[in-house]
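# Coordinate inspection notes
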Amino acid sequence: MREQPVFHLEEHGQTERSQWVLDSPNPPPLWKKIFTSVKETILPHGNKFCFSSKRKTSRGRAFSCLQNLFPIIIWLRDYKASKFKDDLLAGLTLASLSIPQSIGYATLAKVAPEYGLYTSVIPPLIYALMGSSREIAIGPVAVVSMLLSSLVPKVEDPVANPHAYRNLVFTVTFFTGIFQTAFGVFRLGFLVDFLSHAALVGFMAGAAVIIGLQQLKGLLGISHFTSKTDVVSVLASVYKSLHHQIASGEKWNPLNFVLGCSFLIFILITRFIGRRNRKFFWLPAVAPLLSVILSTSIVYLSRADKHGVNIIKHVKGGLNPSSLHQLQLHGPHVGQAAKIGLICAVIALTEAIAVGRSFASIKGYHLDGNKEMLSMGFMNIAGSLTSCYVATGSFSRTAVNFSAGCQTAVSNIVMAVTVFLSLELFTRLLYYTPVAILASIILSALPGLIDLSEACYIWKVDKLDFLACIGAFLGVLFATVEIGLLVAVIISFAKILIQSIRPGIEVLGRVPRTEAFCDVTQYPMAISTPGITVIRISSGSLCFANANFVRERILKWVSQDEDDPKEATKGRVQAVILDMTNLMNVDTSGILALEELHKRLLSRGVELAMVNPRWLVIHKLKLAHFVDKIGKEWVFLTVGEAVDACLSAKIARA
């Protein structure tokens, strides 16, 4: 006598919960979504950004804005002499590595050596004011230098017209800064993510091999060398140059090779010692500068430049000259400069943010990606106006900065001041520096760009990711930088497209002794309800790309259950329940596919039920009158309630 009221009470509760799904509030209109997105973009912290309180005076709000734009204001309050001592040591150690590397990377970018030194002065100072990383070391890097030397010569020849080439490099740097600033202002950091981690690993490795092969020019003392970057062209150029010397009767001078290899071995040995014993962390940092000093002294004292050793000769000193009038913002090459600037912006940001976050996680603090983009953008814009080319965070120099015990970005300031003093006082001493030493310094920095353990990890975890990795590597190695990047992005997008076109469709069963419904493939103990097929669509969207696949897959499963003798013993399928919990959106193609699925199931005498559609999905289904077609009584909040309702309907029919 008491069971019937309880049954009606449960049925009433189930109906009420189903009504909650049907009465979900309508999603906000499109204009409101756009307005909210723009508001969050311009004011990333809502109304609290610079205008956090009505009680604040205009002076307080201005100071809050300054703090947000210049993080140095915040941490400088607690800055102590003990921290400066650590930063001073780190900055001086960093400068000893930055000076020879900057000269080497400038030659790699095919600009005069002093421009590499200029790039280690202004950008680090700007970053110290605006950046949020304490450890990252700013300056020219190998990959970006290689990008410039491979892309810009297609527009201007650095040999035939060096001034026009240099001006175009400054223009590319300006556009790089503009793009990076725009990424930060409009919170477009997701654009950087188009180059996935796996693609970046492959790209860096390919770039390292190409950079290493290009150093054969300086290491072997070759005068005529190809402007192409692919491995076949570089090796062919080396062979032709050596063959031409032999055929013409010229004697190849091995002094460049001996000098370069000797100091390369010296640098690698110091690095090995520094890794084995942390007390000698400074040794691999000062080894490149020590190599420059020793090799320059050897060449000067022995007059080796008279015997075939190539030297860098004149290096212009002094403060960074203005390059504002050299920017080519009008003319036929503006579009190409902007295109190269965009590529450099993405690569430079990806490398810098990856480096910064790696060391920030070790120190246990958060790195603000948008602030990093803003600071990188401003420093490259300022750099383009002061004779600098594209600067970013360097992994090798950041590791040295970290090992030297830096506490804040003051180490960048110390490094920049030291480089500036070197420009003022010591550039004349670099006249006899051999080119082979610069090649050996660049070669010594390349192993850090090749991460074989990470490539093996990618292969082990995700084969499609490894395909993007190897695609980027081979593209850079055997084609061009653009093709390598393009291959990596295409493979990454293809991976997303495949996952969208072929979403996971799971048959669910009830796990014993629980109310949970799980995938029967993952949980073999899950029990399917006879006559009822529960299906979950594991996709964020049911759209034109996957709607037909989902419909045909469901119909195929239903027909298989009817034709399978083992399943036939459990009874004919009488209901299909779609779990839409994971479905965030549906378009008109998806709705048409659902309508076709409903018609086909009805022709077989099978009911269709929906479980927990999200508010945007149920809103569109109501507008399309699909809910009216299947009946409001076939919309449920949980899979359990849907199964119970289908069983009740099955019993009622019987």
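Every chain is numbered independently, its residues counted from 1 as its sequence is written. Residue-level local features of this predicted model are given only where pLDDT is at least 70; pairs of side-chain atoms are given and counted only at 80 or more, and the full residue set underlies all totals for whole chains, interfaces and linings. Based on all heavy atoms of the structure, the side-chain values leave hydrogens and waters out of the count.

The name given to the protein in an unreviewed UniProt entry is Low affinity sulfate transporter 3, with Vigna radiata var. radiata as the source organism. UniProt positions are given in the numbering used here, feature names are shortened, and annotations may be inferred rather than shown by experiment. The annotation that UniProt attaches to the protein under Sequence similarities (unreviewed entry) is "Belongs to the SLC26A/SulP transporter (TC 2.A.53) family."

### Observations regarding the overall build of the protein
When helices and strands are counted, the protein shows 28 helices and ten strands. Think of it in three bands: residues with accessible area under 20% of the maximum for their type are buried, residues over 50% are exposed, and the middle band is partly exposed, with areas taken using a 1.4 Å probe on protein chains only. Going through the 654 residues of the protein one by one, you find that 49% of them count as buried. Any two residues having at least one pair of non-hydrogen atoms within 4.5 Å are treated as being in contact. In the protein, the proportion of contacts linking residues at least 24 apart, taken out of those at least 6 apart, comes to 80%. For the protein, the computed accessible surface area is about 32100 Å², with 64% contributed by carbon and sulfur atoms. Only DSSP runs of H or I reaching four residues or more are called helices, and only runs of E reaching two or more are called strands; each is numbered from the N terminus. Working definition of accessibility: Shrake-Rupley area with a 1.4 Å probe, residue cover restricted to the visible protein chains.

### Looking at unusual backbone geometry
Its identity as a non-glycine residue notwithstanding, Lys313 has a phi of 65°, on the positive side. Among the structural elements, Lys313 can be located in the loop between helix H14 (282-302) and helix H15 (334-363). If you check the backbone angles, His625 has positive phi at about 65° while not being a glycine.

### Here's the deal with helix H26 (residues 615-623)
Taken as a whole, H26 has its buried residues at Leu616, Val617, Ile618, His619 and Leu621. Note on H26: the residue one or two positions beyond its end, His625, has a positive phi of about 65°.

### With respect to the packing of aromatic side chains
Here a pair means two rings of Phe, Tyr or Trp (six-membered ring of Trp) with centres within 6.5 Å. Their orientation is stacked below 30 degrees between planes, edge-to-face above 60, and tilted elsewhere. On inspection of all chains with the given rule, the structure shows twelve aromatic pairs. Between Trp634 and Phe636, the ring centres sit 6.5 Å apart and the planes meet at 80°, which makes this aromatic pair edge-to-face. In this pair, the class of Trp634 matches that of Phe636, namely buried. By the ring-pair criterion, three or more aromatic residues cluster together here, those being Tyr115, Tyr118 and Phe170. Lysine and arginine charges are scored as sitting over a ring when NZ or CZ, respectively, is within 6 Å of the ring centre and within 35 degrees of the ring normal. The residue whose ring lies beneath Arg134 is Tyr365, and the NZ or CZ to ring-centre distance is 4.0 Å.

### Regarding the sheet that holds strand S5 (residues 532-538)
Within a sheet, each strand pairs with its neighbour through backbone hydrogen bonds, oriented either parallel or antiparallel. Spatial strand order, S4-S3-S5-S7-S9-S10: six strands in an open sheet with mixed pairing. Each having just a single partner strand, strand S4 (517-519) and strand S10 (635-636) make up the two edges of the open sheet. Note that S5 and strand S7 (residues 575-579) share five bridges and pair parallel. Bridge pairing in S7 places Arg536 opposite Asp579. Contacts between helix H25 (residues 588-603) and the sheet are confined to S7 and strand S9 (607-611), with S9 contributing the most and set at about 140° to the helix. Paired strands, as defined in this entry, are two strands with at least two bridges between them according to DSSP. Helix axes are fitted to C-alpha atoms over the stretch in contact, other axes to C-alpha atoms as well, and angles between N-to-C directions run from 0 to 180 degrees.

### A closer look at the nonpolar core
Residues Val111, Leu147, Leu148, Val152, Phe203 and Ile347 are the most contacted members of the largest nonpolar core, which totals 91 residues. A per-element tally of this core places helix H10 (residues 197-214) first, with nine residues. Beyond its immediate chain neighbours, meaning those up to four positions away, Val111 contacts Ala106, Tyr165, Val169 and Tyr389. Throughout this description, the term nonpolar core refers to a set of buried Ala, Val, Leu, Ile, Met, Phe, Trp, Tyr and Cys residues connected via side-chain atoms within 4.5 Å.

### Observations regarding the confidence of the model for the protein
Values of pLDDT, which run from 0 to 100, indicate the predictor's confidence residue by residue. Taken over all residues, the pLDDT of the protein has a mean of 87, while the share at 70 or more is 89%. Predicted confidence is poor over residues 1-7, with pLDDT under 50, and the contacts of this stretch with residues over four places away or in other chains come to zero contacts. Ignoring residues within four places in sequence, the model shows residues 44-49, a span with pLDDT below 50, making eight contacts including any to other chains.

### Here's the deal with the pattern of salt bridges
For this analysis, a salt bridge means a side-chain nitrogen from Lys or Arg found within 4 Å of a carboxyl oxygen belonging to Asp or Glu. If you walk through the whole model with that rule in mind, you get nine salt bridges. Between Glu135 and Lys363 there is a salt bridge whose closest N-O contact spans 3.1 Å. A residue pair is termed long-range when its members are at least 10 positions apart, and Glu135 in the loop between helix H7 (122-130) and strand S1 (137-139) and Lys363 in helix H15 qualify at 228 residues. Looking at Glu135, the relative accessible area reads 0%, which means it is buried. Overall, the relative accessible area of 37% leaves Lys363 in the partly exposed class. Note that Arg510 and Glu515 form a salt bridge whose closest N and O atoms lie 2.9 Å from each other. On the basis of relative accessibility, which here comes to 23%, the residue Arg510 falls in the partly exposed class.

### A word on the packing of helix H9 (residues 162-185) against helix H16 (residues 369-384)
Between two packed helices, what matters for the description is the angle formed by their axes and the separation of those axes. Look at H9 against H16: their axes get within 7 Å of each other, and the N-to-C directions meet at 155°. Regarding the angle of H9 to H16, the classification is roughly antiparallel. Considering only the axes of H9 and H16, their crossing is left-handed. Two secondary-structure elements touch here, H9 through Phe170, Thr173, Phe174, Thr176, Gly177, Ile178, Gln180, Thr181, Phe183, Gly184 and Val185 and H16 through Asn370, Met373, Leu374, Met376, Gly377, Phe378, Asn380, Ile381 and Ser384. In what follows, roughly perpendicular refers to angles from 65 to 115 degrees, roughly parallel to angles under 35, roughly antiparallel to angles over 145, and oblique to any angle outside these ranges. Left-handed describes a crossing whose near helix is turned anticlockwise from the far helix by less than a right angle; the clockwise case is right-handed.

### Considerations on the environment of Leu443
Relative to the elements of secondary structure, Leu443 occurs in helix H19 (residues 435-445). C-alpha separation for the pair Leu443 and Ala142, spaced 301 residues apart in sequence, amounts to 9.9 Å. Residues in contact with Leu443, not counting those within four places in the same chain, are Gly212, Gln215, Leu219 and Leu264.

### A few points about the side chain of Gln326
Here Gln326 lies in the loop between H14 and H15. Once you skip the residues sitting within four places of it in the chain, Gln326 turns out to touch Arg166, Asn167, Phe170 and Thr171.

### A word on H14
Taking 1.5 Å as the rise per residue, H14 with 21 residues should run 30 Å; its terminal C-alpha atoms sit 30 Å apart, in good agreement. Bend at a given residue is defined as the angle between two axes, one fitted to the seven residues that end at that position and one fitted to the seven that begin there. The axis of H14 is deflected most strongly, by about 35°, at Pro288. Regarding H14, the residues found buried are Leu283, Ala285, Ala287, Pro288, Ser291, Val292, Ser295, Thr296 and Val299. Tucked into the core, H14 has its buried residues touching helix H5 (81-108), helix H13 (255-276), helix H17 (395-403) and H19. Here, expected helix span is obtained from the residue count minus one, scaled by 1.5 Å.

### Quick notes on the environment of Phe281
Assignment of secondary structure puts Phe281 in the loop between H13 and H14. Here Phe281 falls in the partly exposed class, since its relative accessible area comes to 24%. A C-alpha to C-alpha distance of 7.8 Å links Phe281 and Val400, two positions 119 residues apart in sequence. In this structure, Phe281 is in contact with Ser403 and Ala404, ignoring residues within four places of it in sequence.

### Quick word on a nonpolar patch on the surface
Patch definition: residues with relative accessible area over 30% and no salt bridge; like charges joined within 9 Å; nonpolar side chains (Val, Leu, Ile, Met, Phe, Trp, Tyr) joined within 5 Å. A contiguous nonpolar surface patch, about 560 Å² in accessible area, is contributed by Ile265, Ile269, Phe272, Ile273, Phe280 and Trp282. Per-element accounting of the nonpolar patch gives the leading share, four residues, to H13. Here Ile265 shows up in helix H13.

### Some details on the side chain of Arg536
You can see Arg536 is positioned in strand S5. We define a polar contact as two N or O atoms separated by no more than 3.5 Å, with the added condition that, inside protein, one atom must be a possible hydrogen donor and the other a possible acceptor, whereas residues neighbouring each other in sequence contribute only through side-chain atom pairs. Within the structure, Arg536 has its side chain in polar contact with the side chain of Glu506 (distance 2.7 Å). Excluding residues within four positions of it along the chain, Arg536 makes contact with Gly504, Ile505, Glu506, Leu508, Phe517, Asp519, Asp579 and Asn582.

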